[in-house]
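Below, each chain spelled out in residue letters.
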Amino acid sequence: MPFADLELTDQRVKAVLCKIPRDQFVPEEYRSYAYENIPLPIGYGQTISQPYIGGLMTELLSLKPTDRVLEIGTGSGYQTAVLAELAAQVYTIETIEPLAKSAQEILTRLGYDNISFRVADGYFGWEEASPFDAILIAAAAEEVPPPLKKQLANGGRMVLPIGAPGKTQTLWRIIKQNDRFIEENKGLVRFVPFTRRG
Ligand code: SAH
C-alpha cells in the first residue's frame, strides 16, 4: 500500500493518504513518481508537497468530522482531498487561477462535494465562511497573516511554515485559546513562497 510506512501516528490520516489517487494530481510526465514520498513539480513554479509533510500537517490539525477547514494554497488539490476526507467542509484559496481550475476539475471528478474554491490572495482568508476550526497554509510566509489569526475559531488549530523564502522554514502549530495563541515549533521544512497578489 503506498505511504503505509510513513512515520505518522494518526492512522486515519495514513489511511486517507493510502486511499487518495495521488497520480491523478500530478502532471503526466511525473505520474510514475506519484507514489514516492517526494514533492513533484505541478507547473507555474509550484510543487505538490511531499506526502509525509502533508500528512504531518494534517495530523497536527487534529481534525474532527464536523470541522470546517480553510486551506491556503490549493496547488494540485491533493492536500485539499486529504482535508475533505477528514473534515465536514473545506474552503480552499489559490492565487494561480489555472492551478485552482485544474484542482477543482480533478476533485469534482473524484466525487468530492464538500469543497469550496476561490481564486484570491489567501492573506485575507475567507471572512464570510469564518470562523474555522482548522487552517492549513501550504506556502511559506515571514509572519502569520493577521486576518487568518482572526478567522480561527476558539480552540482552533493553524499549521503553517514561517520563514524566509528559498531557505528552510519552521513548521508551527498555533492553537487559539480565548485571546491567546499557543505556538509550538514542529521542526524544519521547505516550502514554496507565500506570494502576495497585486
Ligand atoms: N498543498 C498543495 C501544495 C501547493 S504549493 C498540493 O498538495 O499540491 C503552495 C501553493 O500555494 C501554490 O500553488 C501557490 O500558488 C499557492 N500560494 C502562494 N501564495 C499564496 C497566497 N498568498 N494565496 C493563495 N495561494 C498562494
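Residues numbered from 1 in each chain as written. Predicted model: local features only at pLDDT ≥ 70, side-chain atom pairs only at ≥ 80, totals over all residues. Heavy atoms only, no water.

Asker: Quick question: what am I supposed to make of empty space enclosed by the protein here?
Answerer: Think of a ball as big as a water molecule: rolled over the atoms, this probe shows where empty space is left. Applying the stated criterion across every chain yields a total of one cavity of 30 Å³ or more. Taken as a whole, the largest cavity encloses approximately 30 Å³ of empty space. Forming the walls of the largest cavity are Ser49, Ile53, Gly54, Met57, Gln79, Leu136, Ala138 and Phe191. When residues in the lining of the largest cavity are grouped by element, the largest group, three residues, is from helix H2 (residues 51-60). Considered class by class, the residues forming the lining of the largest cavity number five nonpolar, three polar and no charged. (1 Å grid on protein atoms, 1.4 Å probe; cavity = no way out; pocket = protein on both sides within 12 Å on 5 of 7 lines; lining within 4 Å. Points joined across faces, edges and corners; volume = space filled by probe spheres on them. Helix = DSSP H or I, 4+ residues; strand = E, 2+ residues; numbered from the N terminus. Nonpolar A, V, L, I, M, F, W, Y, C, P; charged D, E, K, R; others polar.)

Asker: When you look at the sheet that holds strand S4 (residues 89-94) in this model, what are you seeing that I'm missing?
Answerer: Adjacent strands of a sheet pair through backbone hydrogen bonds, lying either parallel or antiparallel. The seven strands are arranged S5-S4-S3-S6-S7-S8-S9 in an open sheet whose pairing can be described as mixed. Edge positions in the open sheet fall to strand S5 (115-119) and strand S9 (180-189), since each of these has one partner strand only. The mean inter-strand angle of the sheet, taken between neighbouring strand axes irrespective of direction, is 15°. One ladder, built from six bridges, connects strand S7 (residues 152-162) with strand S8 (residues 169-177); its direction is antiparallel. The partner of Met158 across the bridge, within S8, is Ile174. Against the sheet, H2 touches strand S6 (132-137), S7, S8 and S9, its axis set at about 160° to S7. (Pairing = 2+ DSSP bridges. Axes fitted to C-alpha atoms, helices over the stretch in contact; angles between N-to-C directions. Contact = heavy atoms within 4.5 Å.)

Asker: Would you mind going over the layout of surface pockets with me for this structure?
Answerer: A volume near 630 Å³ is recorded for the largest pocket. Gln46, Thr47, Ala138, Ala139 and Val192 are, among the 39 residues lining the largest pocket, the residues nearest its centre. If one sorts the elements of the lining of the largest pocket by residue count, H2 sits on top with four residues. For the lining of the largest pocket, a count of residues per class yields 19 nonpolar, 16 polar and four charged.

Asker: Before we go on, may I ask you to explain the site of the ligand in this structure?
Answerer: Near the ligand there are 25 residues, and of these Ser76, Glu94, Asp121, Gly122 and Thr195 occur at the shortest range. In the environment of the ligand, an oxygen atom lies 2.6 Å from a nitrogen or oxygen atom belonging to the side chain of Ser76. In this structure, an oxygen atom belonging to the ligand sits 2.6 Å away from a side-chain N or O atom of Glu94. Expressed as a share of its isolated accessible area of 570 Å², the protein-covered part of the ligand is 99%. Among the detected pockets, the ligand sits in the largest pocket. Broken down by secondary-structure element, the contributors of at least two residues to the shell around the ligand are strand S2 (46-48), helix H3 (78-86) and S4. (Near = heavy atom within 4 Å. Polar contact = N/O pair within 3.5 Å; in protein donor to acceptor, adjacent residues only side chain to side chain. Areas by Shrake-Rupley, 256 points an atom, 1.4 Å probe, with all protein chains shown as cover. Sits in = over half its atoms within 2 Å of the grid points.)

Asker: Hey, could you run me through the side chain of Ser76 in this one?
Answerer: Looking at the element boundaries, Ser76 is found in the loop between strand S3 (68-72) and H3. Ser76 gets classed as buried once you look at its relative accessible area, which sits at 8%. A polar side-chain atom of Ser76 sits 3.2 Å from the main-chain amide nitrogen of Tyr78. Those residues in contact with Ser76 that lie beyond four places of it in its chain are Phe25, Ile42, Ile48, Ala103 and Ile106. (Buried < 20%, exposed > 50% of the residue type's maximum accessible area, 1.4 Å probe, protein only.)

Asker: How do you make sense of the nonpolar core when you look at a structure like this?
Answerer: In globular proteins that are soluble, nonpolar side chains generally tend to be buried together. Ranked by internal contacts, the top residues of the largest apolar core, which has 43 residues, are Leu17, Ile20, Phe25, Leu63 and Tyr78. Mapped onto this core, the elements with two or more residues apiece are helix H1 (11-19), strand S1 (40-43), H2, H3, helix H4 (97-109) and S6. Among the elements that line this core, the one with the most residues is H3, at six residues. Once residues lying within four places of it in the same chain are set aside, the contact partners of Tyr78 are Phe3, Leu17, Ile20, Arg22, Phe25 and Ile48. Within the second largest apolar cluster, 22 residues are counted, among which are Ala120, Ala141, Val144 and Ile162. (Core = buried A, V, L, I, M, F, W, Y, C linked by side-chain atoms within 4.5 Å.)

Asker: For this particular structure, what's the right way to read the pairing of S1?
Answerer: The side chains of a regular strand alternate, first on one face of the sheet and then on the other. Where S1 and S2 come together, three bridges link them in antiparallel fashion. When the sheet's bridge partners are listed, Pro41 is paired in S2 with Thr47. Counted along the chain from S1 to the antiparallel partner S2, the turn is two residues long, and its residue Tyr44 has a positive phi close to 60°.

Asker: Even after reading the chapter, I still don't get the side chain of Thr92, so can you show me in this structure?
Answerer: With respect to the secondary-structure elements, Thr92 resides in strand S4. Given a relative accessible area of 0%, Thr92 falls into the buried group. A polar atom in the side chain of Thr92 sits 2.7 Å from the side chain of Thr74. Excluding its chain neighbours within four sequence positions, the residues that come into contact with Thr92 are Glu71, Thr74, Thr80, Ile115, Ser116, Phe117, Arg118 and Trp126.

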